Amino acid sequence: MIIHLPTGKQFANRKEAKIYFGTAYYYKLEREKRDLLFTDNVQSATNEYCPKTSNKQDKHKNS
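Residues numbered from 1 in each chain as written. Predicted model: local features only at pLDDT ≥ 70, side-chain atom pairs only at ≥ 80, totals over all residues. Heavy atoms only, no water.

A. Focus on the environment of Glu16. Positionally, Glu16 belongs in helix α1 (residues 14-21). A sequence separation of 14 residues divides Glu16 from Ile2, and the C-alpha atoms of the two residues are 9.3 Å apart. (Helix = DSSP H or I, 4+ residues; strand = E, 2+ residues; numbered from the N terminus.)

This is the structure:
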């Protein structure tokens, strides 16, 4: 889910947000990384990666 913080408008996916704002303005918002809140591990297409934490690595470090 994507939330536009100034208005509180919620979008289920990037496609809905791009249709609402227009593609160019939406990408500008993504680049600025301040007015959009990405939830549910939605990844931004502008060189941003949100890795999921893995317990496997923690188990190997403690062994």
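From this point, the narrative continues.
B. Structural detail: the packing of aromatic side chains. In the structure shown here, the tally under the stated rule is five aromatic pairs. Plain terms: the ring middles of Phe11 and Tyr20 are 5.4 Å apart, the flat faces sit at 50° to each other, and that makes the pair tilted. The exposure class assigned to Tyr20 is partly exposed, which follows from its relative accessible area of 49%. Taking 5.9 Å as the distance between ring centres and 55° as the angle between the ring planes, the aromatic pair formed by Tyr26 and Tyr27 counts as tilted. (Phe/Tyr/Trp six-rings, centres within 6.5 Å; stacked < 30°, edge-to-face > 60°. Buried < 20%, exposed > 50% of the residue type's maximum accessible area, 1.4 Å probe, protein only.)

C. Structural view of the side chain of His4. Positionally, His4 belongs in strand β1 (residues 2-4). Ignoring any residue separated from it by four or fewer positions in sequence, one finds His4 in contact with Lys9, Phe11, Phe21, Leu29, Asp35 and Leu36. (Contact = heavy atoms within 4.5 Å.)

D. Local environment of the nonpolar core. Counting seven residues, the largest nonpolar core is built from Ile2, Phe11, Ala17, Phe21, Tyr26, Leu29 and Leu36. Elements with a minimum of two residues in this core: α1 and α2 (23-32). Setting aside chain neighbours within four positions, we find Phe21 in contact with His4, Phe11, Tyr26 and Leu29. (Core = buried A, V, L, I, M, F, W, Y, C linked by side-chain atoms within 4.5 Å.)

E. Inspection of unusual backbone geometry at higher detail. You will see that Lys33, though not glycine, has its phi angle at about 55°, which is positive. Following the sequence through the fold, Lys33 ends up in the loop between α2 and β3 (36-38).

F. Examining the packing of α1 against α2 more closely. With their axes 6 Å apart at the nearest point, α1 and α2 run at an angle of 120° to one another. As judged from the angle between their axes, α1 and α2 are oblique. Both α1 and α2 take part in a crossing whose hand is right-handed. Residue-level inspection shows Arg14, Ala17, Lys18 and Phe21 of α1 in contact with α2, the latter providing Thr23, Tyr25, Tyr26, Tyr27, Leu29 and Glu30. A per-class count over the contact of α1 with α2 returns six nonpolar, one polar and three charged. (Axes fitted to C-alpha atoms, helices over the stretch in contact; angles between N-to-C directions. Parallel < 35°, antiparallel > 145°, perpendicular 65-115°, else oblique. Left-handed = near helix turned anticlockwise from the far one by under 90°. Nonpolar A, V, L, I, M, F, W, Y, C, P; charged D, E, K, R; others polar.)

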